[in-house]
Amino acid sequence: GNSVTQMEGPVTLSEEAFLTINCTYTATGYPSLFWYVQYPGEGLQLLLKATKADDKGSNKGFEATYRKETTSFHLEKGSVQVSDSAVYFCALGLSNFGNEKLTFGTGTRLTIIP
Amino acid sequence: NAGVTQTPKFQVLKTGQSMTLQCAQDMNHEYMSWYRQDPGMGLRLIHYSVGAGITDQGEVPNGYNVSRSTTEDFPLRLLSAAPSQTSVYFCASSSFPADTQYFGPGTRLTVL
């Protein structure tokens, strides 16, 4: 079946540090890949997405590249801020008939300290 | 656009009580879904719907019922609440199942 494995947390970084949160996936077919972010007390919101191999999604300084050869979609940011503290979820979506749902990873809690 | 709205925000139930969590969206999305979020478990799909009159089970459907009489609304019913149903519940909608999903703010449910 389809699955998403993402880096276990929690992750704690200092402000302006470089961030990587790893995400790998298993899927039959050609999924779309997503990163969602959940700020404290809120629902999830889309951070970025990529729909085909070699696409790069980007938003708010975050980037992730869809790597088919390594089945990965790692999230990166060059210089994190305190406001980036949140839980980050990697997800995949397949549009194959009969298997049309999003599959989420377990989430990675990120804390940025000033 | 209000997006996806959920009510109530918080609820406390006693074991055996029933209740309905409300979800509505104003984006004319065909696909709607309910998830529960538990610590260390990520999001697990409870039920989903690909359009009015069509619903199906997700990963953890036991103890929950849904119906979809309109495109806008997708209520989740707890038939006989159990402490294991203590969780945060999120409703989401999208144009189609594998597309970007828009989430509501969540309902925090405690079953005593």
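Observations concerning the overall build of chain B
Working step 1: What chain B contains, in helices and strands, is zero helices and eleven strands.
Working step 2: Going from the N terminus to the C terminus, chain B shows its helices and strands as β-β-β-β-β-β-β-β-β-β-β.
Working step 3: For chain B, whose C-alpha radius of gyration is 13 Å, the value lies close to the compact-globule estimate of 13 Å for 112 residues.
Working step 4: Referenced to the eigenvectors of the C-alpha coordinate spread, the extents of chain B come out at roughly 35 × 25 × 25 Å.
Working step 5: Across the 112 residues of chain B, 51% fall into the buried class.
Working step 6: Here chain B carries 7 positive and 8 negative side-chain charges, and the mean point of each set is 14 Å from the other.

Here's the deal with the sheet that holds strand 7 (residues 64-66) of chain B
Residues and elements named next belong to chain B.
Working step 1: With antiparallel pairing, four strands are arranged side by side in an open sheet as 1-3-8-7. Looking along the sheet, the strands with just one partner apiece sit at the ends: strand 1 (4-7) and strand 7. Between one strand axis and the next, the sheet turns through 20° on average, direction left out of account.
Working step 2: Both strand 7 and strand 8 (residues 76-78) contribute to a ladder of three bridges, which runs antiparallel. Bridge pairing links Val66 to Leu76 in strand 8.

Focus: the pairing of strand 10 (residues 86-93) of chain A
Residues and elements named next belong to chain A.
Working step 1: Counted residue by residue, strand 10 has eight buried out of eight residues, so it is predominantly covered.
Working step 2: Burial of strand 10 is two-sided: the residues Ala86, Tyr88, Cys90 and Leu92 facing one way and the residues Val87, Phe89, Ala91 and Gly93 facing the other way are all buried.
Working step 3: Across three bridges, strand 10 lies against strand 12 (residues 108-113) in antiparallel orientation. Following the sheet pairing, Ala86 is matched in strand 12 by Leu110.

A word on the state of the cysteines
All names here are of chain A.
Working step 1: One pass over the structure, following the stated rule, counts two disulfides over all chains.
Working step 2: Two residues share a disulfide in this structure: Cys23 and Cys90, whose sulfurs sit 1.9 Å from each other. Handedness here is read from the sign of the S-S torsion; for Cys23 and Cys90, about -70°, the answer is left-handed. Pair noted here: Cys23 is in strand 4 (residues 23-26) and Cys90 is in strand 10, with a separation of 67 residues, a long-range link.

Focus: the interface of chain B and chain A
Working step 1: Contacts between chain B and chain A engage 19 residues on the former and 20 residues on the latter.
Working step 2: Across the interface of chain B and chain A, roughly 1400 Å² is buried in total on both sides, 58% from carbon and sulfur atoms.
Working step 3: A per-residue breakdown of the area chain B buries against chain A is headed by B:Ala98, B:Thr100 and B:Phe103, which together make up 33% of the total.
Working step 4: The tally of links from chain B across to chain A stands at one salt bridge.
Working step 5: With a closest N to O distance of 3.3 Å, B:Asp99 and A:Lys49 form a salt bridge.
Working step 6: On the surface where chain B and chain A come into contact, there are four residue pairs in polar contact (both at pLDDT 80 or more).
Working step 7: Of all the elements in the fold, those that place two or more residues in the side of chain B that touches chain A are strand 4 (31-38) and strand 5 (42-51) of chain B.

With respect to the layout of surface pockets
Working step 1: Of the pockets and cavities examined, the largest pocket occupies roughly 760 Å³.
Working step 2: Top element by residues in the lining of the largest pocket is strand 11 (residues 107-111) of chain B. It accounts for four residues.
Working step 3: Of the pockets and cavities examined, the second largest pocket occupies roughly 260 Å³.
Working step 4: Together, 16 residues line the second largest pocket, and A:Leu102, A:Thr103, A:Phe104, B:Leu43 and B:Glu59 are the ones closest to its centre.
Working step 5: Elements represented by at least two residues in the lining of the second largest pocket include exactly strand 11 (102-104) of chain A together with strand 5 of chain B.
Working step 6: Top element by residues in the lining of the second largest pocket is strand 5 of chain B. It accounts for four residues.

Comments concerning the sheet that holds strand 9 (residues 75-77) of chain A
All names here are of chain A.
Working step 1: One open sheet holds the four strands; their spatial order is 3-9-8-7, and the pairing between them is antiparallel. What marks the edges here is a single partner per strand, and that holds for strand 3 (19-21) and strand 7 (56-59). Between one strand axis and the next, the sheet turns by 20° as a mean value, whatever way the strands run.
Working step 2: In this sheet, strand 9 lies alongside strand 8 (residues 62-65) in antiparallel orientation, the contact comprising three bridges.

So, how was this worked out
- Residues numbered from 1 in each chain as written.
- Chains lettered and ligands numbered in written order.
- Predicted model: local features only at pLDDT ≥ 70, side-chain atom pairs only at ≥ 80, totals over all residues.
- Heavy atoms only, no water.
- Helix = DSSP H or I, 4+ residues; strand = E, 2+ residues; numbered from the N terminus.
- Rg over C-alpha atoms; globule rule 2.2 N^0.38 Å.
- Buried < 20%, exposed > 50% of the residue type's maximum accessible area, 1.4 Å probe, protein only.
- Lys, Arg positive; Asp, Glu negative; His and termini not counted.
- Charge placed at Lys NZ, Arg CZ, Asp CG, Glu CD.
- Pairing = 2+ DSSP bridges.
- Axes fitted to C-alpha atoms, helices over the stretch in contact; angles between N-to-C directions.
- Disulfide = S-S within 2.5 Å.
- Contact = heavy atoms within 4.5 Å.
- Buried area = accessible area lost by both parts, 1.4 Å probe.
- Salt bridge = Lys/Arg side-chain N within 4 Å of Asp/Glu carboxyl O.
- Polar contact = N/O pair within 3.5 Å; in protein donor to acceptor, adjacent residues only side chain to side chain.
- 1 Å grid on protein atoms, 1.4 Å probe; cavity = no way out; pocket = protein on both sides within 12 Å on 5 of 7 lines; lining within 4 Å.
- Points joined across faces, edges and corners; volume = space filled by probe spheres on them.

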